[in-house]
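Listed below, chain by chain, are the residues.
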Amino acid sequence: MVALDRLVDVLGSLGTHLACAPRGRDVELRGVALHDPAENTPAAAGDVLLGLGTPSVAAAARLVSSTAASAVVLHGKPPLDERVVAAAKKSGAAVLLVDPSVPWSQLANVTQTLVNGGTRTGDLFGLADVIAGVVGGPVTIEDQQSRVLAYSYRQEDVDPVRVQTILGRRVPEEARRALDEFGVFSHLASSDEPIFVPKLTPQLGNRLVAAVRAGRELLGSVWVEVTGPVDAARSAALVDGARTAALHLLRSRASTDLERQAEADLVIRLLEHPESADVARLGLPSADLRVIAVQAHAGEGEHGAAVLAFQRATAGFGWSRPGRSALFGNVLYTVIPAADDAVDWVRSLVRELPAEATVLAGIGGPAEATQLPTSRQEADECLALSTGAPVVYDDAWAQVLLHRLAAVAEAGRLPTRGPISNILRYDAEYGTQYAATLKAWLAAQGDVRAAARELKVHPNTLRYRMQKMAEVTPLPLDDPDQRLAMAIALSITRT
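Sequence order sets the numbering: in each chain, residues are counted from 1 along the sequence as written. It should be noted that, the model being predicted, local features are given only for residues of pLDDT at least 70 and side-chain atom pairs only at 80 or more, the latter also being counted only at that level, while totals for whole chains, interfaces and linings use all residues. Hydrogens and water molecules were not included; the side-chain quantities draw on all heavy atoms of the structure.

For the protein chain, an unreviewed UniProt entry supplies the name Helix-turn-helix domain-containing protein and the organism Lentzea roselyniae.

Here it is in structure tokens:
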């Protein structure tokens, strides 16, 4: 079962547009049905009805008007015809328009996986073996970033680049540049036809490459190491294999989306209501945890980089990752065992994001599972202090304290009269530097020469300022409590 809103989000990458939703986006979907004009099989309430066999607007309107399904998926481009809108209002069914270039087989696979919670059917490694056997050569299946998703069993007598690609799970940068200069990646972006790549470097042998695509979206590519150009039959076999790989990747994406949502829900509960959360379901210990808060920005998109950071943080299921994550607005929260290096985790995440992304991070203090809301607050406060490098509460608790006090001051909850207020008003009226002078003197614990060096003035100048200050307002510098209060007030005052 999944909400209509979630289905729209997942199918959005296939060029899907929610044309109308008379009952809102929170409608729960429980099944998938295929429209068959010959059999006229009815759809049930809660179903997603895939509208095959609706060649005209009139046929689509009849289908939407008469169905009991909660949502109907049609091939077409917005805007939705008014006749179909009227039919949707009559039946209450939401209508989704999908780019006509997306095959119904792909839509059916993704929708079935998402709505019914299906798992992956088949194995990308097995598919790589099949393609290798038919095309005749070792195979790798890669994503858009040239990261290896699967490879065939037989990899003997392969060139050095293939070995490095499999061992490093990514195409070596030198080989990637050579392929880019040859035009391989621009070809994959625009064509489904396989491209033969001759030996470009001493380390990089011949390749036959085909795009893995869903509709207009490039999902990845299939690479076969060959001895030379291949015949039409083997090229066609590679195209068929790439189409099958697209189904695998789409189903994997839908399953992954469900897993991410389930993980995020558990993390949210752990951060907000830890007493009712089951930390064991997340594969985390019940103690020695900490929270990491991350904000990522890139370009003009408000949340695009944050969503990408969430996807990267939750990549590779099977609980092989140290942390468990959730996305709140534009902040990524990750709960990680305190024994793991949280700063190194942030740096690893940054390496997975585009170079132009700006990443800020705050890391809360160690906590038991029931104390994670406190660690989250500390992470938020450290995030507010971050200007680039991750800020760790263990090292920055003093700055966090002053930041809290500054917030109290801005809210008008600190005394507005006293020696510091008097000095600040005098500076503002006469352009003196008494506040900065007193702050330096207090930080130097009364050492006039050290304070003068900090201010880059002569010690006599500093002594003169201290004397004049005493004429402006009483300065009880012999009282340790008064000195502490004045130091705090000066530290949190934003002038």
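Draft legend 1. Main features of the sheet that holds strand 17 (residues 391-392). Two strands qualify as a pair provided that DSSP identifies no fewer than 2 bridges between them. Each helix is a run of H or I in the DSSP string that is no shorter than four residues. Each strand is a run of E no shorter than two, and both are numbered from the N terminus. The sheet built from five strands is open, its strands ordered 14-15-13-16-17 with mixed pairing. The open sheet has two edge strands with one neighbour each: strand 14 (324-328) and strand 17. Relative to strand 15 (residues 331-337), strand 14 runs antiparallel, the two sharing five bridges. Directly across from Ala326, in strand 15, lies its bridge partner Tyr333. Packing of helix 11 (residues 342-352) onto the sheet brings it into contact with strand 13 (289-297), strand 15, strand 16 (358-363) and strand 17, and relative to strand 13 it is tilted by some 30 degrees. Contacts are assigned to residue pairs that have any heavy atoms within 4.5 Å of one another. Lines are fitted to the C-alpha atoms to define the axes, a helix being fitted only along its stretch in contact, and any angle between axes, read from their N-to-C directions, falls within 0 to 180 degrees. Its contacts with the sheet put helix 12 (residues 372-385) on strand 13, strand 14, strand 15, strand 16 and strand 17, and the angle it makes with strand 13 is roughly 35 degrees.

Draft legend 2. Main features of empty space enclosed by the protein. A cavity here means a set of 1 Å grid points, computed over protein atoms only, where a 1.4 Å probe fits but cannot escape. A pocket is an open set with protein on both sides within 12 Å along at least 5 of 7 lines, and lining residues have an atom within 4 Å of a point. Grid points are joined across faces, edges and corners, and a volume is the space filled by probe spheres set on the points. Tallied over the full model, the rule gives one cavity of 30 Å³ or more. Residue lining of the largest cavity: Thr140, Glu142, Val161, Arg162, Thr165, Val171, Leu179, Leu204, Arg207 and Trp223, and that is the complete set. Put simply, the parts of the chain that give the lining of the largest cavity at least two residues each are strand 8 (139-143) and helix 6 (160-168). No other element matches helix 6, which puts three residues into the lining of the largest cavity. Three classes are used: nonpolar for Ala, Val, Leu, Ile, Met, Phe, Trp, Tyr, Cys and Pro, charged for Asp, Glu, Lys and Arg, and polar for all others, with Gly counted as polar. Tallied by class, residues from the lining of the largest cavity come to five nonpolar, two polar and three charged.

Draft legend 3. The arrangement of the pattern of salt bridges in detail. The rule for a salt bridge is simple: a side-chain nitrogen of Lys or Arg has to be within 4 Å of a carboxyl oxygen of Asp or Glu. Inspection of every chain in the model, using the stated rule, returns 12 salt bridges. A salt bridge links Glu352 to Arg312; the shortest N-O distance between them is 3.9 Å. Taken together, the positions of Glu352 in helix 11 and Arg312 in helix 10 (residues 304-313) put the pair 40 residues apart, joining distant regions of the chain. Partly exposed residues are those whose accessible area sits between 20% and 50% of the maximum for their type, while under 20% is buried and over 50% is exposed, using a 1.4 Å probe and protein chains only. Judged by its relative accessible area of 33%, Glu352 falls in the partly exposed class. A salt bridge links Glu471 to Lys468; the nearest nitrogen and oxygen atoms lie 3.1 Å apart. Of the two residues, Glu471 and Lys468 both sit in helix 17 (residues 459-472), three residues apart, roughly one turn of that helix.

Draft legend 4. Structural context of the sheet that holds strand 8. Pairing is antiparallel across the open sheet formed by five strands, whose spatial order is 9-8-12-11-10. A strand with exactly one partner marks an edge of an open sheet, and here the two such strands are strand 9 (148-151) and strand 10 (195-197). Averaged over all pairs of adjacent strands, the angle between strand axes in this sheet comes to 25 degrees, irrespective of strand direction. Two elements, strand 11 (residues 207-214) and strand 12 (residues 217-225), share eight bridges in a ladder whose sense is antiparallel. Among the inter-strand pairings, Arg207 is bridged to a residue of strand 12, identified as Glu225.

Draft legend 5. The side chain of Glu263, seen in detail. For Glu263, the position within the fold is in helix 9 (residues 232-272). By the criterion applied in these results, polar contacts are pairs of N or O atoms within 3.5 Å in which, for protein atoms, one can donate a hydrogen and the other can accept it, and in which residues neighboring in sequence qualify only through two side-chain atoms. There is a polar contact of 2.7 Å between the side chain of Glu263 and the backbone nitrogen of Ser325.

Draft legend 6. Structural context of helix 12. Here, expected helix span is obtained from the residue count minus one, scaled by 1.5 Å. Compared with an ideal rise of 1.5 Å per residue, which puts 14 residues at 20 Å, helix 12 spans 20 Å between its outermost C-alpha atoms and is within 8% of the ideal. For helix 12, every residue scored as buried is listed here: Leu372, Ser375, Arg376, Glu378, Ala379, Glu381, Cys382 and Leu383.

Draft legend 7. Quick peek at the side chain of Ser325. Relative to the helices and strands, Ser325 is located in strand 14. There is a polar contact of 2.7 Å between the side chain of Ser325 and the side chain of Thr334.

Draft legend 8. Up close: the packing of aromatic side chains. Here the aromatic set is Phe, Tyr and Trp, taking the six-membered ring for Trp, and pairing holds for ring centres within 6.5 Å; pairs whose planes are under 30 degrees apart are stacked, those over 60 apart are edge-to-face, and all others are tilted. Tallied over the entire structure, the rule returns five aromatic pairs. Aromatic side chains Phe185 and Trp223 sit 6.4 Å apart centroid to centroid with 55 degrees between the ring planes, which places their arrangement in the tilted category. Placement of Phe185 in helix 8 (residues 184-190) and of Trp223 in strand 12 is noted, with a sequence separation of 38 residues between them. Judged by relative accessible area, which is 3%, Trp223 ranks as buried. For the pair Tyr426 and Tyr430, a centre-to-centre distance of 4.5 Å together with 40 degrees between the ring planes defines the contact as tilted. Here the residue Tyr426 and the residue Tyr430 both occupy positions in helix 14 (residues 419-430), the gap between them amounting to four residues, near one helical turn. What makes Tyr426 partly exposed here is its relative accessible area of 27%.

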